[in-house]
Amino acid sequence: QVQLVESGGGLVQPGGSLRLSCAASGSIFSINVMGWYRQAPGKQRELVAISGRGGLTNYAEAVKGRFTISRDNAKNTVYLQMNSLKPEDTATYYCNAEIRTFFSARVGDYWGQGTQVTVSS
């Protein structure tokens, strides 16, 4: 019923930039919070940044000042602009969204399939 499709990952040198995109599609009635999480090998999944529908944002301390989350509500899309990338940013990045569909009053928690970001020289 609902899909989140991420794009924009890849290999980048330290200090470089990448922009991730995540588009939600399907029987979407409304979307509340959209955000990005990441998981490095051997580590737990962690919050990177989240954005409320009204534009409020929150960031992990490790990415503040380097990453920017934004969203286009008309396109059901969330973006993550990543600047000044460091090797420790290497991880699989997952999109997350709280979505209400046309078929239920319940808000569901949906995840994308993940996109790999590798920061290496």
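Right, let's walk through the structure included here. (Residues numbered from 1 in each chain as written. Predicted model: local features only at pLDDT ≥ 70, side-chain atom pairs only at ≥ 80, totals over all residues. Heavy atoms only, no water.)

As for the side chain of S21
Here comes step 1: One can find S21 in strand β3 (residues 18-26).
Here comes step 2: Leave out the neighbours within four places in its chain, and S21 touches V5, E6, S7, W36, V78 and Y79. (Helix = DSSP H or I, 4+ residues; strand = E, 2+ residues; numbered from the N terminus. Contact = heavy atoms within 4.5 Å.)

Remarks on the pattern of salt bridges
Here comes step 1: For the structure on display, the rule yields four salt bridges.
Here comes step 2: The residue D89 makes a salt bridge to R38 at a minimum N-O spacing of 3.0 Å. Here the residue D89 occupies a position in the loop between β8 (77-82) and β9 (91-101), and R38 occupies one in strand β4 (residues 28-39), the gap between them amounting to 51 residues.
Here comes step 3: Linked by salt bridges that have partners in common, R38, E46, R66 and D89 make up one network. (Salt bridge = Lys/Arg side-chain N within 4 Å of Asp/Glu carboxyl O.)

A closer look at the nonpolar core
One broad rule of soluble globular proteins: the nonpolar side chains tend to lie buried together.
Here comes step 1: In this structure, W36, V48, F67, L80, M82, Y93 and I99 are the most contacted members of the largest nonpolar core, which totals 29 residues.
Here comes step 2: Elements with a minimum of two residues in this core: β1 (2-7), β3, β4, β5 (46-51), β7 (67-72), β8, β9 and β11 (115-119).
Here comes step 3: If you tally residues by element for this core, the top one is β9, at five residues.
Here comes step 4: Residues in contact with V48, not counting those within four places in the same chain, are W36, Y37, R38, N58, Y59, A60, V63, F67, L80 and Y93. (Core = buried A, V, L, I, M, F, W, Y, C linked by side-chain atoms within 4.5 Å. Buried < 20%, exposed > 50% of the residue type's maximum accessible area, 1.4 Å probe, protein only.)

Notes on the state of the cysteines
Here comes step 1: Scanning all chains against the criterion turns up one disulfide.
Here comes step 2: Disulfide pairing places C22 opposite C95 at an S-S distance of 2.1 Å. Looking down the S-S bond of the C22 and C95 bridge, the torsion is -80 degrees, so its handedness is left-handed. A residue pair is termed long-range when its members are at least 10 positions apart, and C22 in strand β3 and C95 in strand β9 qualify at 73 residues. We note that C22, like C95, is buried. (Disulfide = S-S within 2.5 Å.)

Digging into the side chain of R66
Here comes step 1: Position of R66 relative to the elements: it lies in the loop between β6 (57-59) and β7.
Here comes step 2: Here R66 falls in the buried class, since its relative accessible area comes to 11%.
Here comes step 3: At 2.9 Å, the side chain of R66 forms a polar contact with the backbone oxygen of A62.
Here comes step 4: When near neighbours in sequence (up to four residues on either side) are disregarded, R66 contacts Q81, M82, N83, S84, L85, K86 and D89. (Polar contact = N/O pair within 3.5 Å; in protein donor to acceptor, adjacent residues only side chain to side chain.)

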